[in-house]
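# Residue-level structural notes
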Amino acid sequence: MSQALVELVREKFPEAVTSWHSHRGDEVITVRRENLVEVIRFLRNDPQTDMKLLRQIAGVDLLTFKSEMTGGGALASIEVPEYDLRKKPHVEPRYYVAYNLYSLTKHHALRVRVDLRSDDVKLPSITSLYRTADWWERYVYDMFGFEFTGHPNLTRLLMYPEFQGHPLRKDYPVRKRQPLVPELDFPDLIRGPGPGPGGAGVPMSQTHVGRHNVDPDAYD
Amino acid sequence: MSDHPRSLPILKPEKPEGNVPESQQVLGLEYEVPVLTTRLEESIGFFEKNLSGALGWARKNSIFQYPFVTACCGMEYMSAMSARYDIARFGAEFPRFTPRQADLLMIVGTINVKQSPVLKRVYDQMTEPKWVMAFGVCASSGGFYDNYATVQGADRVIPVDVYVPGCPPRPEQVLDGLKILQDKIQTQLHHAATIERALDMELETKKRSFLGKLLGK
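In this text, all values refer to a predicted model and were calculated from it rather than measured experimentally.

Thresholds, definitions, all that
- Residues numbered from 1 in each chain as written.
- Chains lettered and ligands numbered in written order.
- Predicted model: local features only at pLDDT ≥ 70, side-chain atom pairs only at ≥ 80, totals over all residues.
- Helix = DSSP H or I, 4+ residues; strand = E, 2+ residues; numbered from the N terminus.
- Buried ≥ 20, exposed ≤ 12 C-beta atoms within 10 Å, placed from the backbone.
- Pairing = 2+ DSSP bridges.
- Axes fitted to C-alpha atoms, helices over the stretch in contact; angles between N-to-C directions.
- Core = buried A, V, L, I, M, F, W, Y, C linked by C-beta atoms within 7 Å.
- pLDDT = per-residue confidence, 0-100.
- Contact = placed C-beta atoms within 7 Å.
- Domains from an automatic or database assignment.
- Nonpolar A, V, L, I, M, F, W, Y, C, P; charged D, E, K, R; others polar.
- Parallel < 35°, antiparallel > 145°, perpendicular 65-115°, else oblique.

## Focus: the overall build of chain A
Check the secondary structure of chain A and you find three helices and seven strands. In sequence order, chain A lays out its α and β elements as α-β-β-α-β-β-β-β-α-β. Across the 220 residues of chain A, 21% fall into the buried class.

## Let's talk about unusual backbone geometry
The omega torsion of the bond from cysteine 167 of chain B to proline 168 of chain B falls at -10 degrees, within 30 degrees of zero and hence cis. Relative to the helices and strands, proline 168 of chain B is located in the loop between strand E6 (162-164) and helix H5 (171-187). The backbone phi angle of arginine 24 of chain A is positive, close to 55 degrees, even though this residue is not glycine. Within the secondary structure layout, arginine 24 of chain A lies in the loop between strand E1 (17-23) and strand E2 (26-31). Backbone geometry places histidine 107 of chain A, a non-glycine residue, at a positive phi of 60 degrees. Inspection of the secondary structure puts histidine 107 of chain A in the loop between strand E4 (95-102) and strand E5 (109-116).

## Here we look at the sheet that holds E4 of chain A
All names here are of chain A. Across the sheet, five strands lie side by side as E1-E2-E5-E4-E3; this open sheet has mixed pairing. Unpaired on one side and paired on the other, E1 and strand E3 (53-61) mark the two borders of the sheet. Here the strands of the sheet are splayed against their neighbours by 20 degrees on average, with no regard to which way each runs. Here E1 pairs with E2 via six bridges, running antiparallel.

## Quick notes on the nonpolar core
Ranked by internal contacts, the top residues of the largest apolar core, which has 39 residues, are Leu105, Met106, Ile107, Met133, Phe135 and Ala154 of chain B. Taken together, the elements giving at least two residues each to this core come down to strand E3 (65-69), helix H2 (73-81), strand E4 (104-108), helix H3 (116-125), strand E5 (131-135), helix H4 (137-141), E6 and H5 of chain B. By size, the runner-up hydrophobic cluster in this structure holds 29 residues, among which are Leu43, Tyr99, Val140 and Met143 of chain A.

## Considering the confidence of the model for chain B
Caution applies to low-pLDDT regions: their predicted coordinates should not be interpreted in detail. On average, residues of chain B carry a pLDDT of 79, and 67% of them reach 70 or more. For this predicted complex, the interface confidence comes out at an ipTM of 0.70, alongside a pTM of 0.71.

## Describing the environment of methionine 143 of chain A
Residue and element names in this part refer to chain A. Here methionine 143 lies in helix H3 (residues 133-144). In this structure methionine 143 comes out as buried when scored by C-beta crowding, with 20 C-beta atoms within 10 Å. Note: C-alpha distance between methionine 143 and arginine 175 (32 residues apart in sequence) is 16 Å. Apart from residues no more than four positions distant in its own chain, methionine 143 is found in contact with Gly59, His166, Pro167 and Leu168.

## What to know about the sheet that holds E4 of chain B
All names here are of chain B. The four strands are arranged E3-E4-E5-E6 in an open sheet whose pairing can be described as parallel. Taken across any chain shown, the strands that pair with only one partner, and hence form the sheet edges, are E3 and E6. Sheet twist, expressed as the mean angle between neighbouring strand axes with direction ignored, is 20 degrees. Direction of pairing for E3 relative to E4: parallel, over a ladder of five bridges. Opposite glutamine 65, over in E4, you have leucine 104 as the bridge partner.

## Regarding the confidence of the model for chain A
Residues and elements named next belong to chain A. For chain A, per-residue confidence averages 78 on the pLDDT scale, and 71% of positions sit at 70 or higher. Per-residue pLDDT stays below 50 along residues 67-81; that stretch engages in 22 contacts with residues further than four places along the chain or on separate chains. Note on residues 196-216: pLDDT under 50 across the span, and 50 contacts to partners over four residues away in sequence or across chains.

## Some details on the environment of methionine 133 of chain B
Residue and element names in this part refer to chain B. As for its placement among the helices and strands, methionine 133 is situated in strand E5. The class of methionine 133 is buried, set by 27 C-beta atoms lying within 10 Å. C-alpha separation for the pair methionine 133 and methionine 75, spaced 58 residues apart in sequence, amounts to 16 Å. Sequence-distant contacts of methionine 133, that is, excluding residues within four places in its chain, are made with Leu104, Met106, Ile107, Asp161, Val162, Val164, Gly177 and Leu181.

## Overview of the domain arrangement of chain B
All names here are of chain B. One can read the domain layout of chain B as domain 1 (1-60) and domain 2 (65-187). If you look at the interface, domain 1 gives four residues, while domain 2 gives five residues. Of the residues belonging to the side of domain 1 that touches domain 2, the class tally is one nonpolar, one polar and two charged.

## As for the packing of H2 of chain B against H5 of chain B
All names here are of chain B. Where H2 meets H5, the closest approach of the two axes is 9 Å, and the angle between their N-to-C directions is 70 degrees. Considering their axes alone, H2 and H5 lie roughly perpendicular with respect to each other. Only Pro171, Val174 and Leu175 of H5 make contact with H2, whose side of the interface consists of Glu76, Ser79 and Ala80. Each residue belonging to the contact of H2 with H5 can be placed in one class, and the counts come to four nonpolar, one polar and one charged.

## Concerning the pairing of E1 of chain A
As a general feature of sheets, a regular strand has side chains that alternate between the two faces. Counting buried positions along E1 of chain A gives zero out of seven residues, so the element sits mostly on the surface. Counting the residues between successive antiparallel strands, the hairpin from E1 of chain A to E2 of chain A contains two residues, one of them, arginine 24 of chain A, with a positive phi of roughly 55 degrees.

Pasting the structure below:
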């Protein structure tokens, strides 16, 4: 069933699909970045495929994958705090983004992959096709730092705005800790705007947490 | 004043010559405040101690806790609260779901960096006297969440009185932690703020009048 799906996409977009394989029963196709939106639009709208459900967008970092020098998991040890990209080899394209699509009527699934080189981590947004892609792309941006061009509000989803770096990249130091942050400003919906910059009463940004009594260097 | 017959000798450091460290300075004799005032202080101290003990007894047996439940430790909190383990036997009867009415903040679960301002705000909203229990290893030390998102122990945000280990802790451990906290509450000094201030003022006026009489002012 899914094999026929891959054949269908290959016939429709012979230039876009660069490779395809099956991983433990899941059909995977790798498409070029320029053709990503039209391939996914076809998969969503064509009555043969009818993939109305975007199950997940995932980012993957292959920095330590198949690397002879480090091997997987070596960065998890405390002895290797940082990965020096200039000295140690890594695979290119280093990243890929996987879109897991599913059809609720046909009951078939397909994974669409887009490879990204480490020097150019931009790819088109598919928020115009799937509403749920909004938060998934914000999540991938938060964890991996990929820029989804055309996204309406590409900000961090899980981490806080002051956070530096992207924690699921393999070169993010495992033991790195960042300082605690003050409370966010948010508008008071009941009492309306007040004298403070953030809303009524005392602005929340004045309630600093931990800045005085926590030493960020004390983590390591 | 130093030759007054009813004054006590107290030890004061002599003025050192040159740059002598404070630990090597020699103590010398000097005469100070009359004995009568010391007895008054003693009696007030006795009263304060008993009052503090009574307040401690009352406070340790009526701990209203605010459960700040963020993770799976909440299940063990429910177990400790409900009939089988029944934390109400130790006076911790009512969970108050507003920090303004609570004495004990129970941090039940993982605290991450994004959440720590909320925890700080909840702690600030509690009225004095207040105590904090870190419930489980995540609240105590971060537990096995040794990563970018988790605060490595709630004591990096607010002061913690008692740490209950376990992942999650057994209800018996929670009760044990509560007993330890009760001992702490009983033995610490409770200031009855208004009474203490009144006594201080009274003491000051009496001191002044005594000294005034003695010194003929």
